[in-house]
Structure formats: C-alpha cells, structure tokens
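Breakdown of the fold
Listed below are the residues making up each chain.
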Amino acid sequence: MTSAINGKVCATAGGAHFTFDNDGRFSYDGLWQSSGSFTLADNAVVVTFDSGLQRAFEISKRDGALYMEQTRILCTAKQ
C-alpha cells in the first residue's frame, strides 16, 4: 500500500501537498514548507526531515480512499 505514494504528489482537501520522489526525496508545502528524505515501511512512510527529525506516518486505505494518519489524501503521478 505504501508504494501507492512513491513517485507521487499527494494532496489534502485543505490544499497541502506532499511530494514523494522516486529518488527518496520528500517535500511538504502546506501551512509551512519542509523537505527531507523518506523510506517506505509496511503501512507507513518514514520521513527524515533535513533538520534530522524523523517521523513515521501511518498509511491506510479505508472505503477506497487513501489516508496518511487521519487525513484523506489524493495521490497522482508526479509530472
């Protein structure tokens, strides 16, 4: 399931964007901006921010929709 975000741009209904590049780079553009790297684990994406802070976000699928933690996301191929 976590492979559903690799190489994708994922957006929330509130307009935040998470970019997961095929080369393992991560960026977030929403209430603030940040970047770093990511790895995929079973049902989670582990992000290491450029600051060194590391955090795991649970990825799940409910009722046909993809969620990162409790937030519904829509992921499309990165262009």
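All values derive from a computational prediction rather than experimental measurement.

With that out of the way, let us pick up the state of the cysteines. Applying the stated rule across the entire model yields 1 disulfide. Two residues share a disulfide in this structure: C10 and C75, whose sulfurs sit 2.0 Å from each other. Taking the sign of the S-S torsion, 105° for the link of C10 and C75, the bridge is right-handed. Of the two residues, C10 sits in strand β1 (residues 8-11) while C75 sits in strand β8 (residues 71-77), which places them 65 residues apart along the sequence.

Our next topic: the sheet that holds strand β6 (residues 54-62). Pairing is antiparallel around the closed barrel formed by 8 strands, whose spatial order is β1-β2-β3-β4-β5-β6-β7-β8. In this sheet, neighbouring strand axes are inclined to one another by 35° on average, regardless of whether the strands run parallel or antiparallel.

Turning our attention to the nonpolar core. Looking at soluble globular proteins, one finds that nonpolar side chains tend to be buried together. Counting 17 residues, the largest nonpolar core has F18, F20, F26, V45 and M68 as its most contacted members. Where this core is concerned, the elements lending two or more residues are β2 (17-20), β3 (25-29), β5 (44-49), β6, β7 (65-68) and β8. At 3 residues, β5 tops the list of elements feeding residues into this core. In contact with V45, not counting residues within four places along its chain, are I5, F20, F38, T39, L40, R55, A56, F57, I59 and M68.

Parameters at a glance
Residue indices begin from 1 for each chain and proceed along its sequence in written order. In view of the model being predicted, local features appear only for residues whose pLDDT reaches at least 70, and side-chain atom pairs are presented and counted only at 80 or more, with totals across whole chains, interfaces and linings using the full set of residues. Hydrogen atoms and water are omitted, and side-chain values are computed over all heavy atoms in the structure. When two cysteine sulfur atoms lie within 2.5 Å, the pair is treated as a disulfide. A run of H or I in DSSP counts as a helix once it spans at least four residues, and a run of E counts as a strand once it spans at least two, with each numbered from the N terminus. Note on pairing: DSSP must find at least two bridges between two strands before they are called paired. Lines fitted to C-alpha atoms define the axes here, with helix axes fitted over just the stretch in contact, and angles between the N-to-C directions of these axes take values from 0 to 180 degrees. In this description, a nonpolar core means a group of buried Ala, Val, Leu, Ile, Met, Phe, Trp, Tyr and Cys residues linked to one another through side-chain atoms lying within 4.5 Å. The buried label goes to any residue with under 20% of its type's maximum accessible area, the exposed label to any with over 50%, and the partly exposed label to all in between, with areas taken from a 1.4 Å probe on protein chains only. The contact definition used throughout considers only heavy atoms, calling two residues in contact when any of these lie within 4.5 Å.

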